[in-house]
Amino acid sequence: MRGTARVPGSLPWGNTRFGGGLPYSRLFMDAIRVVGGRPLEGELAVLGAKNAALKHMVASLLAPGTHRLDNVPDILDVEIMGDVLRHVGARCERDGSTLHLEVPERPVPEAPLELVRQMRASILVLGALLARTGEARVALPGGDDFGSRPIDFHLDGLQQMGVHFDLVHGVLHATAPNGIHGADVFLEFPSVGATENLLLAAVLADGKTTIGNAAREPELADLAAYLSKMGAKIDGAGTSTIEIHGVPGLTAAAHRVVPDRLEAGTFALAAAMSRGSVTVSECVPDHSRMELQKLQAAGCTVAVGDDWFTVTGPDRPLPVDLATLPFPGFHTDMHPQMVSLLAVADGTSIVTENVYTARFRYIGELNRMGADIVADGQHVVVRGVEGLSGCEVDGCDIRAAAALTIAGLRADGENLVMDASHIDRGYQDFVPKLQSLGANVERLRS
Ligand code: EPU
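Residues numbered from 1 in each chain as written. Predicted model: local features only at pLDDT ≥ 70, side-chain atom pairs only at ≥ 80, totals over all residues. Heavy atoms only, no water.

Caption draft 1: How the structure looks around the packing of helix H8 (residues 261-273) against helix H12 (residues 398-408). Axis separation between H8 and H12 bottoms out at 9 Å; the angle between their running directions is 20°. With respect to H12, the axis of H8 lies roughly parallel. Note that H8 runs across H12; the crossing there is right-handed. Packed against H8, whose contacting residues are Leu262, Thr266, Leu269, Ala270 and Met273, the element H12 presents Arg399, Ala402, Ile406 and Ala407 at the interface. Its residues assigned to classes, the contact of H8 with H12 comprises 7 nonpolar, 1 polar and 1 charged. (Axes fitted to C-alpha atoms, helices over the stretch in contact; angles between N-to-C directions. Helix = DSSP H or I, 4+ residues; strand = E, 2+ residues; numbered from the N terminus. Parallel < 35°, antiparallel > 145°, perpendicular 65-115°, else oblique. Left-handed = near helix turned anticlockwise from the far one by under 90°. Contact = heavy atoms within 4.5 Å. Nonpolar A, V, L, I, M, F, W, Y, C, P; charged D, E, K, R; others polar.)

Right, here's the structure in full:
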């Protein structure tokens, strides 16, 4: 026992790396160890967007043959989507940042629970498989840490296009007995996933589909660009009204994935938090316009070029109010990282979360570091404190883990972000990239 108190469920020996006596499960978790105090300096090129690459992989199912996707990040979610494609009979091979996809003439029209449970985005195969085969059996995804996350908009829109659904033992059985036909669909909320699912179904549908109140995200416009290379007829992608004229067939194509504005934004926040100066290159600054505007309002100096921007952090940030909104509003996936910065602002900020009903688990973790944050309904009140102190925190999802690592860049002492494998779902080489900018950070694998 070497003098350590026995914690129920722990091994009888201490783990010297973590100081001993941690619960058994923790010994097998990854952690990111950050020691605060070093300003980040240098340049970083961003990779392709996770939230585009995943959709492009699904879109490839719409045309048999060999597709090539370039600038695909090497992250866990892409691997999981690779498994989804393999399950339906496609081949998916990586060569550096290029994915080669071989799509069969008759994909197997199903996505089982073990894959959908690992990654909600698997639900997008619904539209693509229906369009290709006239049927699909896809496990219904449950809720998650962000709230109940229903898929009613996806299903309502597809029903208007002639799809019939039965829920059998947790699996959606979708059939289009008379084929998928065009429809005039108006979404209740500009849902990214619903717009994508309808777009994927509509490109091979009979006739014209209009998607009103469509999501305007750049990743969606990039999906439409790839589909157009395959021969799809799409107008208005990137605006709130998309018109699709169905075609009888598509052909395999090659496409380069749009840069990841979330990776770009996360490193901008890391620069600001550390009082450093980082140039983010190979990005599209316009896709991060609102986030950069709010960083400026928080006292950062921001310089912008064609495909780069530089963010220089202030000694102490100013408080800023903001509300998350669909693009081009402030991205919900930048909300936790921004709150990390505002946690040390000289005053009180109010952040309103409009996209998810529950995206607040990270708040308790920041408060363990000494932040003073309360959530009241959809509002997060952040009373800035002078400093944070490092401790063990839970990186409960991709963006929360990034936010807590960023918080550690300024904290006093050592911050341990547990369950750090969430980072691997969305960021390639997150820790080595921070190291290349001078951060005192390392990955601990137990
Ligand atoms: N919603 C419904 N019904 C639906 C669909 C959505 O009520 O049928 C609600 C959701 O519950 C949520 C809101 O509408 O409250 C927005 O959901 P949306 O469909 O736009 O999100 P998504 O397609 O499920 C994608 C990204 C998320 C990102 C959101 C918002 C991917 C794989 N995921 O999710 O990214 O937060 O759009 O921009 O593209 C991340 O990368 O960390 C991430 C969570």
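Caption draft 2: The arrangement of the nonpolar core in detail. In terms of nonpolar packing, the biggest core is built from 81 residues, with Leu62, Val203 and Leu227 touching the most fellow members. If we skip the residues at most four places from it in the chain, Leu227 touches Ala59, Leu62, Leu199, Leu200, Val203, Ala232 and Ile234. Ranked by size, the runner-up nonpolar core spans 68 residues in total, among them Val46, Ala343, Tyr362 and Ile423. (Core = buried A, V, L, I, M, F, W, Y, C linked by side-chain atoms within 4.5 Å. Buried < 20%, exposed > 50% of the residue type's maximum accessible area, 1.4 Å probe, protein only.)

Caption draft 3: Fine view of the pattern of salt bridges. Going through the model one piece at a time under the given rule, you end up with 21 salt bridges. Across the pair Glu243 and Lys208 runs a salt bridge whose closest N-O atoms are separated by 3.7 Å. You can see Glu243 sitting in strand S13 (residues 241-245) and its partner Lys208 sitting in strand S11 (residues 208-212), a full 35 residues away along the chain. In this structure Glu243 comes out as partly exposed when scored by relative accessible area, which is 28%. The residue Arg261 makes a salt bridge to Glu219 at a minimum N-O spacing of 2.7 Å. Taken as a pair, Arg261 in helix H8 and Glu219 in helix H7 (residues 218-229) lie far apart in primary sequence, 42 residues in all. By sharing partners, the salt bridges in this structure join Asp30, Asp424, Arg443 and Arg445 into a single network. (Salt bridge = Lys/Arg side-chain N within 4 Å of Asp/Glu carboxyl O.)

Caption draft 4: Fine view of the pairing of strand S23 (residues 414-418). Of all the 5 residues making up S23, 4 are buried; the element is thus mostly covered by neighbouring parts of the structure. In this structure, strand S1 (residues 30-35) lies alongside S23, joined through 5 bridges in antiparallel fashion. Its bridge partner being in S23, Ala31 is matched across the sheet by Met418. As paired elements, strand S22 (residues 392-394) and S23 share 3 bridges and run parallel to each other. Its bridge partner being in S23, Asp394 is matched across the sheet by Met418. (Pairing = 2+ DSSP bridges.)

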